[in-house]
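Fold and contact review
Chain residues, written in single-letter form:
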Amino acid sequence: MTELATRPRPSRVLRSRGGHFSLRLHGRTAAVVLGLVLAILVIGAFTLTIGEYELTVGQVLSALAGEGGRAAQYVITEFRLPRWLTGLLIGAALAVSGALMQSLARNPLGSPDFIGFTTGAATGGILMIIAGASAAQLAFGAIAGGLLTALAMYLLAFTRGVHGSRLVLVGVGVNAILIAVNSYLISRADLRDATIAQAWLTGSLNSRGWEHVLPVGIALVLLLPLAFTMARRLALLEMGDEAASALGVPVQRSRAVLMVTSVALAAVAVASAGPVAFVALMAPQLARRLTRAASPVLVPTALMGAFVVSLSDFAAQRLFSPVAVPVGVMTAAVGGIYLAWLLATEWRGR
């Protein structure tokens, strides 16, 4: 894992009256969380103004408060708000998924979109599109594809002991195979299905409604608490299997739960908006660098993922209006630059 500052950070511990629960607050982490929340809200307010029916920020706020004209309320609540919320939720899901997998791999390149999980989920989604399935069946196919890819990865990379480099190398190979499979499936599909599948593969928030918000929202409600409760074990697993086991961590069981959680989060995000590239790679590392944390910080990471997707979608709508550029195009452009910088940094650090 990339070197980070490991000196103790000023913190304050809040405990319940009985002492059964405690929460450690770090000043810098709290400031980063507050800054990200404010940035997301500001970007959201401006994002909701964009469209054929132009609105001011004041009109947006009035519509959200249930005031203003009926037309503005309808446009905001039925079209723009669910699109924005879908972006926030999939960004948070991808970011936490990336944080879990990068820690398990002990490598910043071990993100779901780099080692094949999101590509596997995309394979399942493409099969459903070709079969003429409904949106719910497409979501099921994407989740099943991601989980099957995770099983294959586990058998290939984990059966002889975990090593970060092995996981990344196996993942890159699996990812390349799945990309070829996806290309073959699209080439064999009829023109209509191939067009739909290719558009879906770019990762887009266009035409997203409340039916897309609800599934990913439920998944986050169920999966994020599990990820948060496993955060301490995740930090210990970064120290290596022997050290984690000596400290009382059930290594194999913890790794399996964390891996399934990571894959499920990534697959749900793909099912909702297609594979939005590089968010799972960038957000965890950006959150760590901002907080200067030595272990995964999942709340700032989730907010960073939501911020990256929200900002990318705002830029895609504002810079290329009136063309509807998919958000995945923007995240891929920024992520490509970030990946080049990360590889150069890792190379110089050797």
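Residues numbered from 1 in each chain as written. Predicted model: local features only at pLDDT ≥ 70, side-chain atom pairs only at ≥ 80, totals over all residues. Heavy atoms only, no water.

Within the protein chain, the secondary structure is distributed over 14 helices and two strands. Considering the protein chain as a whole, with its 350 residues, one finds that 50% of them fall into the buried category. Excluding contacts between residues fewer than 6 apart, the proportion of contacts in the protein chain whose partners are at least 24 apart in sequence is 73%. (Helix = DSSP H or I, 4+ residues; strand = E, 2+ residues; numbered from the N terminus. Buried < 20%, exposed > 50% of the residue type's maximum accessible area, 1.4 Å probe, protein only. Contact = heavy atoms within 4.5 Å.)

A few words on a nonpolar patch on the surface. Together, L214, I218, V221 and L222 make up a nonpolar patch on the protein surface, roughly 430 Å² of accessible area in all. With respect to the element layout, I218 can be found in helix α8 (residues 210–229). Looking at I218, the relative accessible area reads 45%, which means it is partly exposed. (Patch = residues over 30% accessible without salt bridge, like charges linked within 9 Å, V, L, I, M, F, W, Y side chains within 5 Å. Areas by Shrake-Rupley, 256 points an atom, 1.4 Å probe, with all protein chains shown as cover. Salt bridge = Lys/Arg side-chain N within 4 Å of Asp/Glu carboxyl O.)

Looking now at α8. Compared with the 28 Å implied by 1.5 Å per residue over 20 residues, the 29 Å span of α8 between its first and last C-alpha is a close match. Taken as a whole, α8 carries its principal kink of about 30° at L223; the proline P225 stands between one and four residues after it. Those residues of α8 that are buried are in contact with α3 (70–105), α9 (231–237), α11 (251–273) and α13 (298–319). (Expected span 1.5 Å × (residues − 1). Bend = angle between axes of the 7 residues up to and from the residue.)

Moving on, we get to the nonpolar core. Core analysis: the largest hydrophobic core is formed by 78 residues, its most contacted members being I90, F117, M153 and M259. Looking at which element gives the most residues to this core, the answer is α3, with 16 residues. (Core = buried A, V, L, I, M, F, W, Y, C linked by side-chain atoms within 4.5 Å.)

Okay, the packing of helix α12 (residues 279–291) against α13 next. Interhelical geometry of α12 versus α13 gives an angle of 125° and a closest axis separation of 8 Å. Classified by the interaxial angle, the pair formed by α12 and α13 is oblique. Seen from above, α12 lies across α13 with right-handed handedness. Here α12 contributes V279, M282, A283, P284, L286, A287, L290 and T291 to the contact with α13, which in turn contributes P300, T301, M304, G305, V308 and V309. (Axes fitted to C-alpha atoms, helices over the stretch in contact; angles between N-to-C directions. Parallel < 35°, antiparallel > 145°, perpendicular 65-115°, else oblique. Left-handed = near helix turned anticlockwise from the far one by under 90°.)

Within the structure shown, the criterion is met by two aromatic pairs. Ring centres 5.5 Å apart and planes at 75° place the aromatic pair Y74 and F79 in the edge-to-face group. Note on Y74: relative accessible area 49%, which makes it partly exposed. (Phe/Tyr/Trp six-rings, centres within 6.5 Å; stacked < 30°, edge-to-face > 60°.)

Turning next to the pattern of salt bridges. Throughout the structure, instances matching the rule amount to three salt bridges. Put simply, R192 and D193 hold a salt bridge, and the shortest N to O gap is 3.5 Å. The class of R192 is exposed, set by a relative accessible area of 60%. Accessibility expressed as a relative area gives 9% for D193, which makes it buried. In this structure, R288 engages E238 in a salt bridge whose closest nitrogen and oxygen atoms are separated by 2.5 Å.

Right, let's talk about empty space enclosed by the protein for a bit. A full pass over the atoms with the stated rule returns three cavities of 30 Å³ or more. Roughly 60 Å³ of volume is contained in the largest cavity. What lines the largest cavity is a set of ten residues, among which A99, S103, P284, R288 and P296 lie closest to the centre. Those elements giving two or more residues to the lining of the largest cavity turn out to be α3 and α12. Residues belonging to the lining of the largest cavity are distributed by class as follows: five nonpolar, four polar and one charged. (1 Å grid on protein atoms, 1.4 Å probe; cavity = no way out; pocket = protein on both sides within 12 Å on 5 of 7 lines; lining within 4 Å. Points joined across faces, edges and corners; volume = space filled by probe spheres on them. Nonpolar A, V, L, I, M, F, W, Y, C, P; charged D, E, K, R; others polar.)

To continue, consider the side chain of S310. Within the secondary structure layout, S310 lies in helix α13. A residue is classified by how much of its surface remains accessible, and S310, at 4% relative accessible area, is buried. With near-sequence residues (within four places) excluded, S310 lies in contact with I43, G44, T47, W84 and L88.

Within the secondary structure layout, A194 lies in helix α7 (residues 191–201). C-alpha of A194 to C-alpha of S183: the two residues are eleven residues apart in sequence and 9.8 Å apart in space. In this structure A194 touches I186 and A189, once residues within four positions along its chain are discounted.

For R106, which is not glycine, the phi dihedral falls at a positive 55°. Of the residues examined, R106 reaches a relative accessible area of 25% and is grouped as partly exposed. In this model, F278 sits at a positive phi of 70°, which is unusual for a non-glycine residue.

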